[in-house]
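Letter by letter, the chains look like this.
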2 protein chains.
Amino acid sequence: MTNLPRSSFQPPLRMLMGPGPSDVHPRVLAAMARPTIGHLDPAFVGMMDEVKVLLQAAFRTGNALTLPISGPGSAGMECCFANLIEAGDTVIVCVNGVFGGRMKENAERCGAKVVLVEDEWGKPVDPAKAEAALKAHPGAKALAFVHAETSTGVASDADALCALARAHGALSIVDTVTSLGGIPVLLDQWGADGVYSGSQKCLSCAPGLSPVSFSERAVGVLRSRKTKVQSWFLDLSLLTAYWGGGAKRAYHHTAPVNALYGLHEVLLMLHEEGLEAAWARHGAMHDALKAGLEAMGLGLLVTPSARLPQLNAVLVPEGVDEAAIRAQLLARFGLEIGAGLGSLAGKVWRIGLMGQSATPKHVMACLGALESVLAGRVAAGAGPAAAARSLFG
Amino acid sequence: MTNLPRSSFQPPLRMLMGPGPSDVHPRVLAAMARPTIGHLDPAFVGMMDEVKVLLQAAFRTGNALTLPISGPGSAGMECCFANLIEAGDTVIVCVNGVFGGRMKENAERCGAKVVLVEDEWGKPVDPAKAEAALKAHPGAKALAFVHAETSTGVASDADALCALARAHGALSIVDTVTSLGGIPVLLDQWGADGVYSGSQKCLSCAPGLSPVSFSERAVGVLRSRKTKVQSWFLDLSLLTAYWGGGAKRAYHHTAPVNALYGLHEVLLMLHEEGLEAAWARHGAMHDALKAGLEAMGLGLLVTPSARLPQLNAVLVPEGVDEAAIRAQLLARFGLEIGAGLGSLAGKVWRIGLMGQSATPKHVMACLGALESVLAGRVAAGAGPAAAARSLFG
């Protein structure tokens, strides 16, 4: 017992510009520090109802079955697959990065026959390939894809892909972990069926919660399942009774009370700003960052039409040790950016401009710090900060 | 959009004496409000290592595979079953309350053949019945039971039950959600194999995390699985690479950073007090509460030898509307106590003395408030507070 840690953990001050978590606003930290109350307390039940309404608005949906899963985004992903898929179902999974690959894993663990639609990492999902797969596999239960691939910074065309799924009688399962709050996520307009997101990206809440939403068509599929959902914890029939019952809600698990205080607060902040304004801010910060990066001679992996403003995959210049650069940014500037994953490891940095980390301050600090640690290995010239500053007006 | 909630949630001040969550100390609320950092930040990785060591000490185990699941206790339960059980395995599940029943559900959803060992709600698991089931089902993969049944306030003999499982070549799966930190939880002494707990009971953290621990024997079973774990999110082979890899850890999910700050802090506080001192405190507060309840003429459901000090199932007097009493306690005194569940609904109140809610202040406030709202329906006499006070010395 003498070797036990004895000191409270005091996190260093960071500027979070990786692939998430993003910087959490002091309002949200303060919300999470409010006194814990019981998860069956009438006051808490009222707050849960508010969270549902705020989430519906964030997702632009009227879906009644909209709630936060009490776990991270990967629990939300599993919730979608475990509830909508049964053993023997055919699922078409579009893979163009890490998280499409994770979808494949999830579908397989539900006993699905998986058909892959593969696109190169750094490219969007090709709707023509998805359509061909749907045609080749009539009766497929679902088409699954990632709207915003965090591993590459690519946006895929959710509207087109959901429409294709619907046209072929398949459900759409959509990962919006990195898109919600940063670019338009329009569930009802898309006609998306099973959707999950995360708290720690463009919502700028602490990590640990996964908002999900299911269309009426998806709810019909849930109701007509032949087998029980293999996960008790993620079984939507039980979660609905807990989250949807109003005063009569049925005990399922104990909700993460303080984490939900935080989610309530970030959703309020999102709607105070307005969804359109938040999307515009992410776009403007991306333009400024890109101008600065280009002034340094740094390029982006993704073609302009498919770039996510909130996740910028920056090509590492020839001969630069990308990990050493990240370590210097962290040590000298307290600035966190992300590494490449999988086939992009060592080849890109991932610079996040998500939620509270999508501000002029973050853009300028990041450009200045990068210019400093890359000195001599990138163009100096007029200076990236000047290029970016010209865009802030 | 005009009907969206517009105000931050301000929780009412409560005194939490239900079945959990318990009162969270301001130190812990402050810890959860520290700035979020990245889950791959070297500083955070160091904190994760400390959390593991602190958890091992709390569980009294050297088990290398000891970590907090990023979800509530029901996710921890599912983690144990989904990893240790494969389709076709026989699992003996002891049911003497709600959470034993939930174990049965979990085992079934893993495809197990479940053998039930049933005891009356309010009674401990009978080791003789468990032994008979183990004898009748040679080759059973596991014996599962709840150490501290939150639904009834009953402690079962974990030492004896784990020994029986071992003697018959079965794994033990043990629910310690309500016991950890309140009464002795001695994994290595018991020889327990798969164990889960919760953050929001006698640890007095916010709800949302589930510490788990697995013996070497259990790890051997994990390694020799024939099939993949049906849950990707809870797959221990992936979680081990995330939590156990030190500087080389492999990305799995994004850990709930701020919730883990809180868990780190409550574990520090537990070890500052000392495990034995925490157990003694829970016992002393139970004795005081019981003395006061008895002075009012209120009885306890559970026989003295099996009572959990931290969860007191109090018999509702004849003719009293138990829900109305709870509502009055909440409205007039800000005091939360719990209702009975299942077959005990309407028949008992559940008064928790867990973690930071196991203090003389809580005991006195609860007795005083109960005496007030039950005035005329329970004995007044010398007064419950006097009876309890005599025990504080």
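Owing to the predicted nature of the structure, the values given are computational and were not obtained by experimental measurement.

Asks: With reference to specific residues and values, describe the overall build of chain A.
Replies: Counting its secondary structure elements, chain A contains 14 helices and 14 strands. Considering only C-alpha atoms, chain A reaches an extent of 65 × 55 × 50 Å along its principal axes. The 393 residues of chain A split such that 58% are buried. The contacts in chain A between residues at least 6 apart in sequence include a share of 72% that link residues at least 24 apart.

Asks: Explain helix 6 (residues 158-167) of chain B to me, and be specific about the residues and the numbers.
Replies: Residues and elements named next belong to chain B. Buried within helix 6 are the following residues: Ala-158, Leu-161, Cys-162, Leu-164 and Ala-165. All buried residues of helix 6 lie within an arc of 155 degrees about the axis, which places them on one face of the element. Just downstream of helix 6, Gly-169 is the residue with a positive phi angle, here 75 degrees.

Asks: Report on the relation of the copies chain A and chain B, specifying residues and quantitative values.
Replies: Between chain A and chain B, which share one sequence, the superposing operator has a rotation angle of 180 degrees and an axial displacement of 0.0 Å; the RMSD is 0.0 Å. Within this description, the copies of the chain are treated as partners about a two-fold rotation axis. When the interface residues of chain A are mapped onto chain B, 100% of them are again interface residues, pointing to one common binding face.

Asks: Would you mind going over the interface of chain A and chain B in detail, with residue names and values included?
Replies: With 65 residues of chain A at the interface, the matching set in chain B holds 65 residues. Looking at the side of chain A that touches chain B, the elements with two or more residues in it are helix 1 (26-32), helix 2 (42-59), helix 3 (73-84), helix 4 (98-109) and helix 10 (257-273) of chain A. Top element by residues in the side of chain A that touches chain B is helix 10 of chain A. It accounts for 8 residues. For the side of chain A that touches chain B, the class distribution of residues is 34 nonpolar, 20 polar and 11 charged.

Asks: Account for the domain arrangement of chain A, with residues named and values stated.
Replies: When the parts of a complex come together, some accessible area is lost, and that lost area is often used as the size of the interface. Residues and elements named next belong to chain A. Segmentation of chain A into domains returns domain 1 (26-271) and domain 2 (274-392). Just the C-alpha atoms count here: the centres of domain 1 and domain 2 sit 29 Å apart. Across the boundary between the two partners, domain 1 contributes 21 residues, which contact 22 residues of domain 2. For the side of domain 1 that touches domain 2, a count of residues per class yields 11 nonpolar, 9 polar and 1 charged.

Asks: Any details on the sheet that holds strand 5 (residues 142-146) of chain B? Residues and values, ideally.
Replies: Residues and elements named next belong to chain B. Across the sheet, which stays open at both edges, the 7 strands sit in the order 2-10-9-8-5-3-4 with mixed pairing between neighbours. Each end of this open sheet is capped by a strand with a single partner; those strands are strand 2 (65-69) and strand 4 (113-118). Neighbour-to-neighbour, the strand axes of the sheet open up by a mean angle of 15 degrees, direction not taken into account. Of the pairings in the sheet, the one linking strand 3 (residues 90-95) to strand 4 comprises 6 bridges and is parallel in character. Each bridged residue has a counterpart across the sheet, and for Val-93 the counterpart in strand 4 is Leu-116. Packing against the sheet, helix 2 (residues 42-59) makes contact with strand 2, strand 9 (194-196) and strand 10 (210-214), and its axis sits at approximately 105 degrees to strand 2.

Asks: Lay out the sheet that holds strand 14 (residues 348-352) of chain A with the relevant residues and their values.
Replies: All names here are of chain A. Strand order in the open sheet made by the 3 strands is 11-14-13, with antiparallel pairing throughout. Looking along the sheet, the strands with just one partner apiece sit at the ends: strand 11 (311-315) and strand 13 (338-339). In this structure, strand 13 lies alongside strand 14, joined through 2 bridges in antiparallel fashion. If you follow Ala-339 over to strand 14, its bridge partner there is Trp-349.

Asks: Run through helix 13 (residues 360-373) of chain B, naming residues and quoting values.
Replies: All names here are of chain B. Here helix 13 contains 14 residues, and its C-alpha end-to-end distance of 20 Å stays within 8% of the 20 Å for a straight helix at 1.5 Å per residue. His-362, Val-363, Cys-366, Leu-367, Ala-369, Leu-370 and Val-373 are the residues of helix 13 that are buried. Tucked into the core, helix 13 has its buried residues touching strand 1 (15-16), helix 11 (275-295), helix 12 (322-333), strand 12 (335-336), strand 14 (348-352) and helix 14 (384-392).

Asks: Outline the environment of Pro-384 of chain B, supporting the account with residue identities and numerical values.
Replies: Residues and elements named next belong to chain B. With respect to the helices, strands and loops of the structure, Pro-384 is situated in helix 14. Overall, the presence of 29 C-beta atoms within 10 Å leaves Pro-384 in the buried class. Residues Pro-384 and Leu-293 lie 91 residues apart in sequence; the distance between their C-alpha atoms is 6.4 Å. Beyond its immediate sequence surroundings of up to four residues, Pro-384 is in contact with Gly-292, Leu-293, Ala-295, Met-296, Leu-367 and Glu-371.

Asks: Go over the confidence of the model for chain A, please, and point to the residues and values.
Replies: On average, residues of chain A carry a pLDDT of 95, and 98% of them reach 70 or more. Confidence metrics for the complex model read pTM 0.97 and ipTM 0.97.

Asks: Go over unusual backbone geometry with me, naming the residues and quoting the values.
Replies: Of note, the bond from Gly-20 of chain A into Pro-21 of chain A is cis; its omega dihedral lies within 30 degrees of zero at 0 degrees. Looking at the element boundaries, Pro-21 of chain A is found in the loop between strand 1 (15-16) and helix 1. Here Arg-60 of chain A, not a glycine, exhibits a phi torsion of approximately 50 degrees, which is positive. Assignment of secondary structure puts Arg-60 of chain A in the loop between helix 2 and strand 2 (65-69). According to the C-beta neighbour criterion, Arg-60 of chain A is partly exposed, with 15 such atoms within 10 Å. Residue Ser-204 of chain B is not a glycine yet carries a positive backbone phi of 60 degrees. Assessed through the 27 C-beta atoms surrounding it within 10 Å, Ser-204 of chain B is described here as buried.

Asks: Describe the environment of Asp-159 of chain B, with residues and values.
Replies: All names here are of chain B. Here Asp-159 shows up in helix 6. C-alpha of Asp-159 to C-alpha of Met-285: the two residues are 126 residues apart in sequence and 25 Å apart in space. What Asp-159 contacts, discounting residues up to four positions off in sequence, is Gln-189 and Trp-190.

Asks: Pulling in residues and values, what's your account of the pairing of strand 8 (residues 171-175) of chain A?
Replies: Residues and elements named next belong to chain A. The buried count for strand 8 comes to 5 of 5 residues, which makes it a mostly enclosed element. Alternating positions in strand 8 separate into two faces, Leu-171, Ile-173 and Asp-175 on one and Ser-172 and Val-174 on the other, with burial throughout. Note that strand 5 (residues 142-146) and strand 8 share 5 bridges and pair parallel. The partner of Leu-143 across the bridge, within strand 8, is Ser-172. Direction of pairing for strand 8 relative to strand 9 (residues 194-196): parallel, over a ladder of 3 bridges. Residue pairing for strand 9: Val-174 is matched across the bridge by Val-195.

Asks: Could you give an account of the environment of Ala-288 of chain A, naming the residues involved and the relevant values?
Replies: Residues and elements named next belong to chain A. Examined against the element boundaries, Ala-288 turns out to sit in helix 11 (residues 275-295). Overall, the presence of 25 C-beta atoms within 10 Å leaves Ala-288 in the buried class. Here the alpha-carbon distance between Ala-288 and Leu-353, two residues 65 residues apart in the chain, equals 11 Å. Beyond its immediate sequence surroundings of up to four residues, Ala-288 is in contact with Val-363, Ala-388, Leu-391 and Phe-392.

The rules behind each value
- Residues numbered from 1 in each chain as written.
- Chains lettered and ligands numbered in written order.
- Predicted model: local features only at pLDDT ≥ 70, side-chain atom pairs only at ≥ 80, totals over all residues.
- Helix = DSSP H or I, 4+ residues; strand = E, 2+ residues; numbered from the N terminus.
- Buried ≥ 20, exposed ≤ 12 C-beta atoms within 10 Å, placed from the backbone.
- Contact = placed C-beta atoms within 7 Å.
- Arc of directions from axis to C-beta.
- Least-squares fit on C-alpha atoms with pLDDT ≥ 70 in both.
- Nonpolar A, V, L, I, M, F, W, Y, C, P; charged D, E, K, R; others polar.
- Domains from an automatic or database assignment.
- Pairing = 2+ DSSP bridges.
- Axes fitted to C-alpha atoms, helices over the stretch in contact; angles between N-to-C directions.
- Expected span 1.5 Å × (residues − 1).
- pLDDT = per-residue confidence, 0-100.

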